[in-house]
Amino acid sequence: MKKYVESLLLESGGFQSKLKKIAEKCCEEHDGDIVEIGCLNGVTTNDLALIAKKYNKKIWAVDPYEIGTQNCQDESTYNEFIKNALTPHPLTVSLLRHSSLNPALIDIIKNKNLCFAYVDGLHTEEACFSDIMTVSHCTGVIAVDDFYAYDGSSRASHIKNVRSGLARALVEFENKFDLITSDSLKTKPSKTAYLIRK
């Protein structure tokens, strides 16, 4: 899997198409479902659901959609998620509408077999670390979003927090995962880092 991800990241093409290819490879090669932590408007959830359906798997979508939290100023984001992900895939997508830091939610996810995990939740160091640890039993790939400012935006604090959370997780993992980033491959910056079990 490591060589597959590395070769894919060296190819031209956008982040979303690479993420879908990696998720599909995980579905082909590993048992379990997909989890997405931080779903925003459901566009990525929809893409992952199309792959999951093909392999008779589920998407566990985690997002509290709590007004006033990151990227949720009103009900419109939740309504977009319903339109883009839940309505077209009612048997494939299960929304767990809780904070990913909720202990009961963490227990639910830890008890799911996972082939692919996409972490794009709350962009604090603690939340990123907790989310990665929650999905650390994933047998395929853990994709951690916002590792790099792909659009030149001023999201420096998000990037710093994600990198710090990821660094803490790597220490906790004690060399059980390989980390693949555009930095490690010395390629054009990619906004996502990938953890692959050794």
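Because the structure is a prediction, the values reported are computed rather than measured.

*Asks:* Is there a simple way to think about the overall build of the protein in this case?
*Replies:* Secondary structure assignment for the protein yields eight helices and seven strands. For 198 residues, the compact-globule estimate of 2.2 N^0.38 gives 16 Å, and the C-alpha radius of gyration of the protein, at 16 Å, lies within 12% of that figure. Dimensions of the protein, computed from C-alpha atoms along their principal axes, come out at roughly 40 × 35 × 35 Å. Sequence-distant contacts in the protein: of pairs separated by 6 or more residues, those separated by 24 or more amount to 70%. Of the roughly 9400 Å² of accessible surface on the protein, a fraction of 51% belongs to carbon and sulfur atoms. Positive and negative side-chain charges in the protein, numbering 24 and 26 respectively, have mean positions lying 5 Å apart.

*Asks:* Where do I start with helix α5 (residues 103-110) in this structure?
*Replies:* Quick reminder: α-helices carry 3.6 residues per turn. Residues three or four places apart thus point the same way. Residues of α5 that are buried include every one of Leu105, Ile106 and Ile109, and no others. Down the axis of α5, the sector holding all buried residues measures 100 degrees, keeping them to one side.

*Asks:* Explanation requested: the pattern of salt bridges in the structure shown.
*Replies:* Between side chains of opposite charge, a pair can form as their charged atoms come close. Here the structure, examined in full by the defined rule, presents ten salt bridges. Ionic pairing is found between Glu80 and Lys83, a salt bridge with its closest N-O pair at 3.6 Å. Of this pair, Glu80 and Lys83 both sit in helix α4 (residues 76-86), separated by three residues, roughly a single helical turn. With a relative accessible area of 52%, Lys83 lands in the exposed category. With a shortest N-O distance of 3.7 Å, Asp178 and Lys198 are connected by a salt bridge. With a gap of 20 residues between them, Asp178 in strand β6 (residues 177-180) and Lys198 in the segment after β7 (193-197) connect regions that are remote in the sequence. We classify Asp178 as buried; its relative accessible area is 19%. A relative accessible area of 54% means that Lys198 is categorised as exposed.

*Asks:* Please clarify how the environment of Phe147 should be interpreted in this entry.
*Replies:* One can find Phe147 in the loop between β5 (141-144) and α7 (156-173). For the pair Phe147 and His98, spaced 49 residues apart in the sequence, the C-alpha separation amounts to 24 Å. Setting aside residues up to four positions removed in sequence, Phe147 forms contacts with Ile159, Val162, Arg163, Leu166, Thr181, Asp183, Lys191, Thr192 and Ala193.

*Asks:* Could you clarify how one ought to interpret the sheet that holds strand β2 (residues 59-62) in this entry?
*Replies:* Pairing between sheet strands relies on hydrogen bonds along the backbone, with the strands arranged either parallel or antiparallel. Pairing is mixed across the open sheet formed by seven strands, whose spatial order is β3-β2-β1-β4-β5-β7-β6. Both outer strands of the open sheet, β3 (93-96) and β6, are each paired with one neighbouring strand and no more. Going from strand to strand, the sheet's axes swing by 15 degrees on average, the running direction of each strand aside. In the sheet, strand β4 (residues 114-119) pairs with β5 via four bridges, with the strands oriented parallel. The residue bridging Tyr118 from the neighbouring strand is Ala143, located in β5. The strands touched by helix α1 (residues 2-10) within the sheet are β5, β6 and β7, with β6 carrying the most contacts at an inclination of about 5 degrees.

*Asks:* Looking at this model, I keep getting lost on α7. Mind explaining?
*Replies:* Between its first and last C-alpha atoms α7 spans 26 Å; for 18 residues at 1.5 Å apiece the expected length is 26 Å, and the two agree. Of the positions making up α7, those classed as buried are Ile159, Val162, Gly165, Leu166, Ala169 and Phe173. Within α7, the buried residues cover an arc of 135 degrees as seen down the axis, which keeps them to one side. Projecting away from the buried face of α7 at angles above 90 degrees are the exposed residues Ala156, Lys160 and Val171. Of the surrounding secondary structure, the elements contacted by the buried residues of α7 are α6 (125-134), β5, β6 and β7. A positive phi of about 50 degrees marks Glu174, the residue just after α7.

Rules of the game
Residues numbered from 1 in each chain as written. Predicted model: local features only at pLDDT ≥ 70, side-chain atom pairs only at ≥ 80, totals over all residues. Heavy atoms only, no water. Helix = DSSP H or I, 4+ residues; strand = E, 2+ residues; numbered from the N terminus. Rg over C-alpha atoms; globule rule 2.2 N^0.38 Å. Contact = heavy atoms within 4.5 Å. Areas by Shrake-Rupley, 256 points an atom, 1.4 Å probe, with all protein chains shown as cover. Lys, Arg positive; Asp, Glu negative; His and termini not counted. Charge placed at Lys NZ, Arg CZ, Asp CG, Glu CD. Buried < 20%, exposed > 50% of the residue type's maximum accessible area, 1.4 Å probe, protein only. Arc of directions from axis to C-beta. Salt bridge = Lys/Arg side-chain N within 4 Å of Asp/Glu carboxyl O. Pairing = 2+ DSSP bridges. Axes fitted to C-alpha atoms, helices over the stretch in contact; angles between N-to-C directions. Expected span 1.5 Å × (residues − 1).

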